[in-house]
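# Report on the structure
In case you want the letters, here they are:
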Amino acid sequence: MPLSKEVGRNPREVAAEIVDKLRIDDICETPQIAGPGFINLTLKTDFISTSLSSLLGDDRCGVDPVKSEKSIVIDFSSPNVAKPMHVGHIRSTVIGDALSRILRFHGHSVITDNHLGDWGTQFGMILWGWKHCLDTSAYELNPTQELGRLYRLVRKVVDADPQEIANDSIAAGLVEKYPDARQEVLSETVKLHEGDPENTRLWKQFMPVCREEIERIYRRLDITFDHTMGESFYQPLLAEVVKDLIDGGMARESRGAVGVFLDGYETPLLVQKADGAFLYATTDLATLAWRAEHWKPDRILYIVDHRQSQHFEQVFATARSWGCRVGQQFSNIDLIHVAFGTVLGEDGKPFKTRAGDTVGLESLLDEGVQRAALIVGEGEQARQGMDDARRRQVAEAVGIGAIKYADLSQNRTTDYVFSFDKMLELKGNTAAYMQYAVARVEGIVTRGGVNRELLRREVHDNPSVLELSDPLERRLALTLLRFKAVLEDVELDYRPNVMTSWLYDLASCFSSFYDALSVLKADGHKRTTRLVLSDLTGRTLRQGMELLGIRVPNQM
Ligand code: ARG
């Protein structure tokens, strides 16, 4: 219709001419022209059933690897260690992991790197705490917990918030005894950065403890990294970076500090403070150069909070001109900040505990699993028995899956409200709904004593048995065939929620199909068709959930 305006002709005439030139009879029935100038295309049942039957023999559910494979570095999770992980870390961790799995499955060569904040001012707090208020026996019993306690305690002392202090007599005592604590904490960090032997030794002692703390959470979340190269790794390279930026005329001194002044920004990108210390941006530039040299990626994705947008814009702009000047490989790397919004509580404010603390990630996972345990076993086959150990495993998959899925199903750029009640609903766009759909398929297969291999072979050799005479069967089949297109859409803008929306469509189509049509009680080709659709739905949902990093138990 827009074309008809352009060429100044009647839209139906234009439609007729287009239809006349179309060569699609292997795929579609004869196209119909309708209304003012619509062209309606109806896929041939043959085409759908042949496409479906080729899915049957395909482990990849119809997704061929991309033709132009890219090498992609994904920088995600990247928590500042030595502080307990909290709810704020969930988004980068879960979105980054899902994108890694999806891009890898789609055929790209992916390198994941957890860019740990292992060199920041938080170590000053722990070092000071270690020297002034360590509980040695507590440390021997549980080092992680004691370091966590020191961090929280010293932070209170440094912040010196009267209300917080009033509720904590130990903190209050320290504030009184060490009026200069704040300054001393800062100088512990400076000493560490200057290579002070004792602080370096302690840092080396703390690191494995901090690592164990986060590893425990990653294990539970089922998340791994190819590399975990913290900020500390790049420290020896920073002086050179600053020198190079100055020599290249990109950075200059301003009131003792060194900054890169970019057009369009009010503030420069600081790379060195007046006291000589290097900054977050300096490390990011050094990291970029290192990755360019060692991994030669086509693209780097930074999965980081939207509040760091300006930081990344400035780092990327600096990198581009720096790269051009010194001819580093990285002038051609596609640098992308995959930003995301904040997790809110049900009151619409950043998610906090009742006492006003940020919510620890571990206790959040525990609560998800506890609540999931209440719904596990309500399903139709649960009565067939699940022992306690199995039930716990399923609850873990359902609880953690719910938290991951709730995050991934949001448009990543907006904030979202964290709600256990919503994310554990059995109906709706939730992990439990998908997991439940798969369990239903498994139930059908088990009850019907179906041999999946035989079924697949039978239909693969003779696709015409798939009659697809009911519109519900047809709709389900068409949804199944969209997997490849969905992955392409996710990749356009790195949005896992495109994938969750499709999974939700698929599970909903299956649900309408299964509620309206009998599968096991149908006869002949109808039974075969419906079993095939169920089998494919189960497999495809499982594959899709796996790409989101979510486990799917056979029973629920
Ligand atoms: N550690 C940083 C933080 O907690 C995030 C690091 C993101 N990655 C990066 N290359 N800057 O804010």
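Residues numbered from 1 in each chain as written. Predicted model: local features only at pLDDT ≥ 70, side-chain atom pairs only at ≥ 80, totals over all residues. Heavy atoms only, no water.

### Quick notes on the packing of aromatic side chains
Where we set the bar: Side-chain rings of Phe, Tyr and Trp, where Trp is taken by its six-membered ring, are said to pair if the distance between their centres is within 6.5 Å; with planes under 30 degrees apart they count as stacked, over 60 as edge-to-face, and otherwise as tilted. For the purposes of this entry, the term helix denotes a DSSP run of H or I that reaches at least four residues, the term strand denotes a run of E that reaches at least two, and both are numbered from the N terminus. Two conditions define a charge sitting above a ring: the NZ of Lys or the CZ of Arg must be within 6 Å of the ring centre, and it must be within 35 degrees of the ring normal.
Counted according to the given criterion, the structure contains 21 aromatic pairs. Measuring from ring centre to ring centre gives 5.8 Å for Phe 510 and Phe 513, while their planes differ by 35°; the resulting arrangement is tilted. Here Phe 510 and its partner Phe 513 are both found in helix H22 (residues 496-516), 3 residues apart, which amounts to about one turn of the helix. What links up through ring pairs into an aromatic cluster is the set Phe 233, Tyr 234, Trp 290 and Trp 295. Note that Arg 60 overlies the ring of Phe 105, its terminal NZ or CZ placed 4.3 Å from the centroid. Here the guanidinium or amino end of Arg 252 rests over the ring plane of Phe 261, the centre of that ring lying 3.8 Å away.

### Quick notes on the side chain of Thr 287
Stated precisely, the cut-off is as follows: Buried residues are those whose accessible area, probed at 1.4 Å on protein chains only, stays under 20% of the maximum for their type, while exposed residues exceed 50% and partly exposed ones sit between those limits. Should any heavy atoms of two residues lie within 4.5 Å, those residues are counted as being in contact.
Mapping Thr 287 onto the fold places it in helix H13 (residues 280-295). For Thr 287, a relative accessible area of 0% corresponds to the buried category. Once you skip the residues sitting within four places of it in the chain, Thr 287 turns out to touch His 115 and Tyr 234.

### What to know about helix H21 (residues 483-493)
Rules: The reported arc concerns the directions from the helix axis to the C-beta atoms and nothing else.
Along H21, the positions that sit buried rather than exposed are Phe 483, Val 486, Leu 487, Val 490 and Glu 491. Each buried residue of H21 lies within a common arc of 140° when the element is viewed along its axis, so the set occupies one face. Those residues of H21 that are buried lie in contact with helix H4 (90-105), strand E8 (299-305), helix H20 (471-480), H22 and helix H23 (524-547). Positive phi shows up at Tyr 494, right after H21, with a value of about 50°.

### Section: a nonpolar patch on the surface
Selection rule: Candidates for patches are residues over 30% relative accessible area with no salt bridge; among them, like charges are joined within 9 Å and nonpolar side chains (Val, Leu, Ile, Met, Phe, Trp, Tyr) within 5 Å. Values of accessible area rely on a 1.4 Å probe in the Shrake-Rupley scheme; residue burial ignores everything except the protein chains shown. For salt bridges, the criterion is a side-chain nitrogen of Lys or Arg within 4 Å of an Asp or Glu carboxyl oxygen.
Together, Leu 3, Val 7 and Ile 18 make up an exposed nonpolar region whose accessible area comes to about 230 Å². Structurally, Val 7 is set in helix H1 (residues 2-7).

### Topic: the pairing of strand E4 (residues 109-113)
Heads up, the condition is: Between any two strands, at least two bridges found by DSSP are needed for them to pair. We call a crossover right-handed when, viewed with both strands directed away from the observer, the connection leading from the first strand over the helix to the second proceeds clockwise.
Counting buried positions along E4 gives 4 out of 5 residues, so the element sits mostly inside the fold. Across 5 bridges, the pairing between strand E3 (residues 71-75) and E4 is parallel. Directly across from Val 73, in E4, lies its bridge partner Ile 111. Taken together, E3, H4 and E4 constitute a β-α-β crossover, and its handedness is right-handed.

### Describing the sheet that holds E8
The line we're drawing: Under this scheme, a helix contributes an axis fitted over its contacting stretch, all axes are lines through C-alpha atoms, and angles between N-to-C directions fall in the 0 to 180 degree range.
If you trace the 4 strands from one edge of the open sheet to the other, you get E4-E3-E8-E9, paired in parallel fashion. This sheet does not close on itself; its edge strands, each paired only once, are E4 and strand E9 (334-340). Ignoring which end each strand starts from, the neighbouring axes of this sheet average 20° apart. The pairing of E8 with E9 spans 7 bridges and is classified as parallel. Residue Ile 300 lies in a different strand from E9, and its bridge partner there is Leu 335.

### Examining the sheet that holds strand E5 (residues 251-254)
Read across the open sheet, the 3 strands follow the order E5-E6-E7; overall the sheet is antiparallel. Only two strands of the sheet have a single partner each, and these edge strands are E5 and strand E7 (269-272). Averaged over neighbouring strand pairs, the angle between their axes works out to 40° when direction is ignored. Of the strand pairs in this sheet, E5 and strand E6 (residues 257-260) are connected by 4 bridges, and their pairing is antiparallel. Of the residues in E6, the one forming a bridge with Ala 251 is Val 260.

### Examining the site of the ligand
Stated precisely, the cut-off is as follows: Residue proximity to a molecule or strand is established when one non-hydrogen atom of the residue lies within 4 Å of it. As used in this structure description, the phrase polar contact means that two N or O atoms lie within 3.5 Å; if the pair is within protein, one of them must be able to donate a hydrogen and the other to accept it, and residues adjacent in sequence are counted only when both atoms belong to side chains.
The environment of the ligand is formed by Asp 75, Ser 78, Asn 80, His 115, Tyr 280, Asp 284, Tyr 302, Val 304, Gln 308 and Phe 312. Contact distances for the ligand include 2.8 Å between a nitrogen atom and a side-chain N or O atom of Asn 80. Between the ligand and Gln 308, the relevant distance is 2.9 Å, taken from an oxygen atom to a side-chain nitrogen or oxygen of the residue. Relative to its free-state accessible area of 350 Å², the ligand is covered by the protein chains to the extent of 86%. Looking at the shell around the ligand, the elements that each hand over two or more residues are H13 and E8.

### With respect to the pattern of salt bridges
Opposite charge on two side chains permits them to pair, given that their charged atoms come into close proximity. Taken as a whole, this structure holds 36 salt bridges when the rule is applied. Taking the shortest distance from any N to any O, the salt bridge between Arg 101 and Asp 97 comes out at 2.9 Å. Taken together, the residues span about one helical turn, with Arg 101 and Asp 97 both in helix H4 at a distance of 4 residues. Notably, a salt bridge pairs Glu 491 with Arg 299, separated by 4.0 Å at the nearest N-O pair. With Glu 491 in helix H21 and Arg 299 in strand E8, this pair connects stretches of sequence that are 192 residues apart. As far as the burial class goes, Glu 491 and Arg 299 line up, both buried. One network of salt bridges, in which partners are shared, links Glu 442, Arg 452, Glu 453, Arg 456, Asp 535 and Arg 542.

### Topic: helix H12 (residues 238-247)
Buried within H12 are the following residues: Leu 238, Val 241, Val 242, Asp 244 and Leu 245. Buried residues of H12, viewed axially, fall in a sector of 160°; they line one side. Turned more than 90 degrees from where H12 packs its buried face, Glu 240 and Asp 247 sit exposed. Directly after H12, the chain includes Gly 249, whose backbone phi takes a positive value near 75°.

This is a description of form; function is not addressed.
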